[in-house]
Structures are given as C-alpha cells and as structure tokens.
Amino acid sequence: MNYLAQQPGLRWSTFSAPSRFYALAGLCVPWMWAACVLLAVAGLYVGLFLAPTDATQHDAYRVIFIHVPAALLSMLIYLVMAFWAAWGWIFNARMASMYARALAPTGAVLTFITLWTGSLWGKPTWGTWWVWDARITSYFILLLLYIGYIALTEAIDDVRRSAHAGALLALVGVVNIPIIYFSVRWWNTLHQGQTIKMTGTSMEQTMRLSMWLMMFSFWAYTFAMAFTRSRAIVLEQEADTEWVKALSTEKGFNPAGTKP
Amino acid sequence: MIWNSFSDFLNMGGYGLYVWGSYGVTLVVMVIEPLLARRRLHNARQAAARENSV
C-alpha cells in the first residue's frame, strides 16, 4: 500500500507504473465486487419479480436481462482491449499490454454467455437454437478473436513480442465490431434490431431499469476481473524487479498462502 | 410481485428451461472465472515469495 504514499504529485501517467497499478487495483477490487453483487441483486429483483410478462414473448423475454448487457459489454471490452494493446505496442507501455491481456478472458466469457443465452432465447422465440445469420456469425467470430488473442499472447514467451503480436491481432479484429453492431441493419436476417435507443424506446420502464442495473453489475464484474487478473500478470512478468522483491517480503503480501 | 406462487415463478409461464438455463449457466461461468483468476493471483504471489526468499 505504501507504494501509493511514496509518490507525491499524481499525474495521468502515475498508474501506468506496474507497482502503483498493482496497489491501486488491489484497493479497488473489493468495492467492485460489492457493486457487482448489489447491482445484480437489484437488477434480478426488478427483472424477475417486478417486470411484467411480455405480451408477445411471454416470460421467455427475461433472458434479455443478461443477454443484452453481456452482448454490449463483450463488444465494449474488445474495443478497450484493442485500445490498450495498441497503446502498449505504440508507446512500449508494459502496463497497457498487461491490462489488455487481463481483459481478454472476461471478454471471451461474456461473449460465450451472449451466444449461450441467445441460443436459449432463440429456441422458443424463433424455433431454432442456432442459425448462421449475420449477427450470430459475426458474434461467433468475436469469440474466435478473443480465443485467438489469448492463445497467441500465451504462446509467445518473449513479453514484448507477445504484446506486439497480440496487439496486431486485436487491431485487425476491431473491424468485426461495427460489423456486429450494424449487422441487423445491413442484412435483413433473423436477429431483430435493437430495442434500446437513445431517444424513446419500445420497452416498459421496469424492463429497462433491470437491464441497466444488470449492465452496471456486469461492468463492475469486468473491472473486478480485469484488476485481479492484471495484478497476477504484473507479478508474473515483473517477478525479477526490485519492487516485487521488496513487496514479496512484506507482511500480508500473500494472505491466503503458506510461507515457503 | 407478479407471481402467484413459487412454482409459478419456477415455471416462468412454461419457459422455465430457457430462462433458468440462461441464468444458471451465466451464474456458473461467472463464479468459475473469478475463482480461476484468484488462483492465478495466489500462484503468482506464491512464486514471487518463493523466488525472493532464497
């Protein structure tokens, strides 16, 4: 914790140092989990107990409260991941590359949840688990991009080359995001258009409230996961540095573990 | 409250399989991922502590 106190004069680049990021992220994680759980409880209560049954889709529509937040976040996470990967590549910033790697598994998990819930929602409403329509196919490609990025960065042992290769793949894959987003407009296929718009909406108020609560809950989840995982990556990659050596001999460094 | 009974709630108007199949798998995945990340952090700490104790 004293890594925060040692540095007077915070600047925008202050937390780009792995040592300070490690300390700050550790402080944030419990709060993110608290926000995630509280928002999820509120969102599920509104979505499952207060929101009325839909006139056309009946109760099958309740999948929306996890499907849409997971879908929007998995696209957003990809853009953020590609941004930090590119930042790390261009400015040779270690922390940015590590943070990009920390985001990828959570993006993949939320993409899987989107496809899974979409499939279970598609069966009762469209009569099919899966079709290769524009939206679903481009979403499947998003999952492959995440898996490809994780596999590529894990496969290369050299930290800098791994970050460069990963950034290149992530940047090429960015082209898929507008394809996903506009697929329901460009191609008139099975997946419906979006129901939430900036002005006006075709949804009932409690439904909208539940979806926003779940969206922020998933967002807090993403931060908690990315912070936890990037702390692990920081320790893995910086094991030989002086600050990790100093930190690892401090009391309470490894609260869950046995002393070697 | 829109449900008359607990079994009414579980039944989800006949769509229980699809709704609970979605929520159940989402919950399982979102519990497993944090546990894996926590283990990774724990292992990284162990390794750092081990490396710097000798």
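Provided above is the structure to which this section pertains.
Cut-offs applied
Residues numbered from 1 in each chain as written. Chains lettered and ligands numbered in written order. Predicted model: local features only at pLDDT ≥ 70, side-chain atom pairs only at ≥ 80, totals over all residues. Helix = DSSP H or I, 4+ residues; strand = E, 2+ residues; numbered from the N terminus. Rg over C-alpha atoms; globule rule 2.2 N^0.38 Å. Buried ≥ 20, exposed ≤ 12 C-beta atoms within 10 Å, placed from the backbone. Contact = placed C-beta atoms within 7 Å. Axes fitted to C-alpha atoms, helices over the stretch in contact; angles between N-to-C directions. Parallel < 35°, antiparallel > 145°, perpendicular 65-115°, else oblique. Left-handed = near helix turned anticlockwise from the far one by under 90°. Nonpolar A, V, L, I, M, F, W, Y, C, P; charged D, E, K, R; others polar. Expected span 1.5 Å × (residues − 1).

This paragraph deals with the overall build of chain B. A count of helices and strands for chain B gives 2 helices and 0 strands. Relative to the 2.2 N^0.38 estimate, which gives 10 Å for 54 residues, the radius of gyration of chain B is 21 Å and therefore markedly larger than a compact globule would have. On the principal axes, the C-alpha backbone points of chain B span a range of 65 × 20 × 10 Å. By the burial criterion, 22% of the 54 residues in chain B qualify as buried.

Within chain A one finds 9 helices and 0 strands. Shown N-terminal to C-terminal, the secondary structure of chain A runs as helices and strands in the order α-α-α-α-α-α-α-α-α. Here chain A holds 260 residues, and the buried ones make up 40% of them. Of all intrachain contacts in chain A linking residues separated by at least 6 positions in sequence, the fraction that spans at least 24 positions is 75%.

Residue and element names in this part refer to chain A. Located in the positive-phi region is His 58, a residue other than glycine, with phi close to 55°. Considering the arrangement of structural elements, one finds His 58 in the loop between helix 2 (18-50) and helix 3 (64-90). Residue classification places His 58 among the partly exposed residues on the basis of 15 C-beta atoms within 10 Å. A positive phi angle, near 50°, is found at Asn 92, a position not held by glycine. If you trace the backbone, Asn 92 turns up in the loop between helix 3 and helix 4 (94-126). When the 12 C-beta atoms within 10 Å are taken as the criterion, Asn 92 is described as exposed.

Residue and element names in this part refer to chain A. Where helix 3 meets helix 4, the axes come as close as 7 Å, and the angle between the chain directions of the two elements is 160°. Relative to helix 4, helix 3 is oriented roughly antiparallel. Between helix 3 and helix 4 lies a crossing whose hand is left-handed. Of the residues assigned to the contact of helix 3 with helix 4, the class counts are 19 nonpolar, 10 polar and 1 charged.

Put simply, helix 8 (residues 205-237) of chain A and helix 2 (residues 16-51) of chain B touch, their axes get as near as 8 Å, and they point 25° apart. In terms of orientation, helix 8 of chain A and helix 2 of chain B fall into the roughly parallel class. For helix 8 of chain A against helix 2 of chain B, the interelement crossing comes out left-handed. When helix 8 of chain A is examined against helix 2 of chain B, the residues Tyr 221, Met 225, Thr 228, Arg 229, Arg 231, Ala 232, Leu 235 and Glu 236 of chain A are found in contact with a partner set consisting of Met 30, Glu 33, Pro 34, Ala 37, Arg 38, Arg 40, Leu 41, Ala 44, Arg 45 and Ala 48 of chain B. Looking at the contact of helix 8 of chain A with helix 2 of chain B, its residues break down into 10 nonpolar, 1 polar and 7 charged.

Looking now at helix 3 of chain A. All names here are of chain A. Helix length check: helix 3 (27 residues) gives 39 Å between terminal C-alpha atoms against 39 Å at 1.5 Å per residue, within 8%. The element helix 3 is extensively covered by neighbouring structure, given that 19 of its 27 residues are classed as buried. Where helix 3 terminates, the next one or two residues include Asn 92, which has phi positive at roughly 50°.

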